[in-house]
Amino acid sequence: MKNYLKKIITEDGCGAILHNGKVIRSSLDSNYKCAIFFDNDITYKDSKKSFLQCDCNSFENNQLSVSMWIAPAKTSEENAPIVTNETLNGFTGLFLNANGEENKIGAKWNEQQNSSVIDLGVELKKDKWTHLVVNFNKNGVFEIFINGIFENRVDTKIQNEIVEFKNIKLGGFCGYLDDFNLYSKVLD
């Protein structure tokens, strides 16, 4: 199978390579102009994964916030990556279908790839756009906001280690992503 690549330059000058994904444009009566579609339906297990490899300046931190518009589609595998950062020591990121629970959001902070994710106690609706913000606080507390409203707080009771963010990927789940932002601080 051919690997389809597309180079993308973001507003802040970062570059990214889209692997097997598709930039889609909406109709005039839609609530978005364009988005990225990651076609990682679980029924296509043998196909190449669809993801966006980011190429931005690296930074080190023990806290983080991510913000995005997301619309899950079809069926993603268990613990399908939404956004991840991989280092030699572990994975940090957000995952869909946390521990097998359909459309539940989960997270990890510098954990092994095969370790279970922390269930954040929120669920996304399939085929529906949702604005999602997750704060990864340095004291191990996750704060989750859905469509601008506080939804949940999960305390891991473990201080976050400093992680180097330089290998950031978006995608691995099946669905749409738009207006993704990553912040090296916790948003108010």
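Residues numbered from 1 in each chain as written. Predicted model: local features only at pLDDT ≥ 70, side-chain atom pairs only at ≥ 80, totals over all residues. Heavy atoms only, no water.

Digging into the environment of Lys22
Note the following rule: A run of DSSP states H or I qualifies as a helix once it reaches four residues; a run of E qualifies as a strand once it reaches two. Both are numbered from the N-terminal end.
Structurally, Lys22 can be placed in strand S3 (residues 22–25). Residues Lys22 and Ser50 lie 28 residues apart in sequence; the distance between their C-alpha atoms is 8.7 Å.

With respect to unusual backbone geometry
One non-glycine residue, Asn103, lies in positive phi territory at about 65°. At Asp179, a residue that is not glycine, the phi angle is positive and equals roughly 50°.

Focus on the pattern of salt bridges
This is how the line gets drawn: What makes a salt bridge here is a side-chain nitrogen of Lys or Arg within 4 Å of a carboxyl oxygen of Asp or Glu, nothing more. Exposed residues in this analysis have more than 50% of their type's maximum accessible area, buried residues have under 20%, and partly exposed residues fall in between, with area computed by a 1.4 Å probe over protein chains only.
Overall, the coordinates contain three salt bridges when judged by the stated rule. Two residues, Lys49 and Glu77, come together in a salt bridge whose shortest N-O distance is 3.4 Å. Taken as a pair, Lys49 in the loop between strand S4 (34–38) and strand S5 (51–55) and Glu77 in the loop between strand S7 (64–72) and strand S8 (80–86) lie far apart in primary sequence, 28 residues in all. The exposure class of Glu77 is partly exposed, given its relative accessible area of 26%.

Observations regarding the pairing of S8
Basically, it comes down to this: For two strands to count as paired, DSSP must find a minimum of two bridges between them.
Burial analysis of S8 places five of its seven residues in the buried class, the great majority of the element. As defined by bridge partners, S8 adjoins strand S9 (residues 91–96) across six bridges and the pair is classed as antiparallel. Within S9, the position partnered with Asn85 by the bridge is Thr92. Once S8 ends, the chain turns through four residues before running back antiparallel as S9. Pairing of S8 with strand S16 (residues 168–171) involves three bridges; the strand directions are antiparallel. Each residue of the ladder has a partner; that of Asn85, found in S16, is Ile168.

Some thoughts on the nonpolar core
As a rule of thumb, nonpolar side chains are buried together in soluble globular proteins. Defined as follows: Put simply, buried Ala, Val, Leu, Ile, Met, Phe, Trp, Tyr and Cys residues joined by side-chain atoms within 4.5 Å make one nonpolar core. What makes two residues a contact is simply this: any of their non-hydrogen atoms within 4.5 Å.
By size, the foremost hydrophobic cluster in this structure holds 34 residues, and its most contacted members are Leu94, Ile105, Leu120, Leu132, Val134, Phe136 and Ile144. Residues contacting Ile105, with those up to four places away along its chain left out, are Ile82, Leu94, Phe95, Leu96, Ala98, Ile118, Asp119, Leu120, Gly121, Val122, Leu124 and Leu132. The next biggest cluster of nonpolar side chains, apart from the first, holds seven residues, and it includes Ile24, Ala71, Trp129 and Cys174.

Remarks on the sheet that holds S4
Note the threshold: Under this scheme, a helix contributes an axis fitted over its contacting stretch, all axes are lines through C-alpha atoms, and angles between N-to-C directions fall in the 0 to 180 degree range.
If you trace the seven strands from one edge of the open sheet to the other, you get S3-S4-S17-S7-S12-S13-S14, paired in antiparallel fashion. The outermost strands of the open sheet, each flanked by one partner alone, are S3 and strand S14 (149–155). On average, adjacent strands in this sheet sit at an angle of 30° to one another, irrespective of strand direction. Sheet topology places strand S13 (residues 141–146) next to S14; six bridges connect them, and they run antiparallel. If you follow Ile146 over to S14, its bridge partner there is Ile149.

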